[in-house]
Structure formats: structure tokens, C-alpha cells
Amino acid sequence: QRKNPFSSEDRLAFKPVHTHRGDPTYGRPPEGSQTERRGKDAQSHVGKEVEELCLIIKSTGEVGEDGHVSVTFGQLFETYVTISNKVVGILLRARKQGLVHFEGEMLWQGKDDGVIITLL
């Protein structure tokens with residue numbers, strides 16, 4: 001690069017900072033970058049979809065003896081698929097956040113239509 005006539009001295013002075021595992025900034029985009037902004041926007045969008053899914057479960061489900069609202073996957077899929085085609089992914093994210101509970105690792109349309117999803 002030092003022999004490249006199109007390189008500026010400023011570029012040569014800049015050295016990327018390499019982080020190591022265990023460093024709090026490891027695996028994260030630089031603060032204030034567009035990548036960080038896009039990541040935050042995506043996280044916000046997914047959060048809104050999780051909230052919307054919980055509202056749909058609340059409105060379409062039935063209150064059980066334990067006081068929690070439950071709905072079958074088949075019923076939820078038919079209702080939510082008109083809103084978003086990412087129903088399974090959003091359900092997995094909601095479960096990871098502790099908002100819903102269902103048995104199994106993954107839900108498949110048709111095969112798992114009878115699986116009960118409970119809003120916590």
C-alpha cells in the first residue's frame with residue numbers, strides 16, 4: 001500500500017483494532033457505525049413482531065385453568081400467517097425471551113398443528 005499512488009497517508013495511519021474473545025466488544029460492530037444501527041433496527045423490528053404475536057395469542061387463545069392463555073399451533077399458524085410468514089421463527093424468539101412455552105424444538109405446519117402454545 002505504501003507504493004500505491006492512490007492510497008492516502010491517512011489510510012496508512014489507520015489500523016483496525018483487533019479484539020479477542022472475552023473482550024466486551026468482541027463480535028460487535030464498531031460503536032456508531034451503520035452496521036450497529038442496522039442491527040439495532042432489526043432487533044427493534046423483531047421485538048415488535050414478538051409483541052404482535054403475543055397479542056394474537058391473547059386474542060385467539062382461551063384462558064386455561066391455570067390462568068394462562070393457550071392456543072394450538074395450527075390455529076395460531078392460520079391466524080398469524082396472513083400477517084407474517086415467519087411465525088415459527090418469531091415463536092422461537094418469544095420462547096427464548098420467556099414469553100411463551102411449547103413442547104419440542106421446532107414446530108412444523110401440519111405435523112405439529114395440535115401442539116399447545118401457552119402465553120406466560
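Scroll up for the structure.
For every chain, the first residue of the written sequence is number 1, and numbering continues from 1 onward in sequence order. Predicted model: local features are reported for residues with pLDDT of at least 70 only, side-chain atom pairs are reported and counted for 80 or more only, and whole-chain, interface and lining totals are derived from all residues. The side-chain values count all of the structure's non-hydrogen atoms but skip hydrogen atoms and water molecules.

J.: Describe the pattern of salt bridges, listing the residues and the values that go with them.
T.: Salt bridge criterion: a side-chain nitrogen from Lys or Arg within 4 Å of a carboxyl oxygen from Asp or Glu. Taken as a whole and assessed by the stated rule, the structure comprises 3 salt bridges. Ionic pairing is found between Asp41 and Arg37, a salt bridge with its closest N-O pair at 3.3 Å. Highlighted residues: Asp41 and Arg37, both in helix α2 (residues 34–60), separated by 4 residues, approximately one helical turn. Exposure remark for Asp41: the relative accessible area of 44% places this residue in the partly exposed category. Lys86 is the salt-bridge partner of Glu49, the closest N and O atoms lying 3.3 Å from each other. By definition, any uninterrupted DSSP run of H or I lasting at least four residues is a helix, any uninterrupted run of E lasting at least two residues is a strand, and each is numbered from the N terminus. Each residue gets one of three labels from its accessible area relative to the maximum for its type: buried under 20%, exposed over 50%, partly exposed in between, using a 1.4 Å probe on protein chains only.

J.: Give me the lowdown on the nonpolar core, citing residues and values where you can.
T.: Grouped together as the largest cluster of nonpolar side chains are 22 residues, with contacts concentrated most on Leu53, Ile57, Phe73, Leu76, Leu91, Val100 and Ile117. Among the secondary structure elements, those contributing two or more residues to this core are α2, β2 (69–72), α3 (73–80), α4 (87–96) and β4 (116–119). Only heavy atoms matter for contacts: two residues are in contact if any of them lie within 4.5 Å across the pair. Residues contacting Ile57, with those up to four places away along its chain left out, are Val69, Val71, Leu76, Val100, Ile117 and Leu119. For the purposes of this section, nonpolar cores are sets of buried Ala, Val, Leu, Ile, Met, Phe, Trp, Tyr and Cys residues that join through side-chain atoms within 4.5 Å.

J.: Describe the pairing of β2, and please don't skip the residues or the numbers.
T.: For a regular strand, side-chain orientation follows a simple rule: the groups alternate between the two sheet faces. Side chains of β2 alternate between two faces, with Val69 and Val71 buried and Ser70 and Thr72 left unburied. Strand pairing is defined by DSSP finding a minimum of two bridges between the two strands. Here strand β1 (residues 62–63) runs beside β2; their pairing, made up of 2 bridges, is antiparallel. Residue pairing in the sheet places Val63 in a bridge with Val69 of β2. Taken together, β1 and the strand that follows it, β2, pair antiparallel across an intervening segment of 5 residues, in which Gly67 is found at a positive phi of about 90°. Bridging between β2 and β4 involves 4 bridges; their strand directions are antiparallel. Note that in β4 the partner of Ser70 across the bridge is Thr118.

Worth remembering: the numbers are spatial, not functional.
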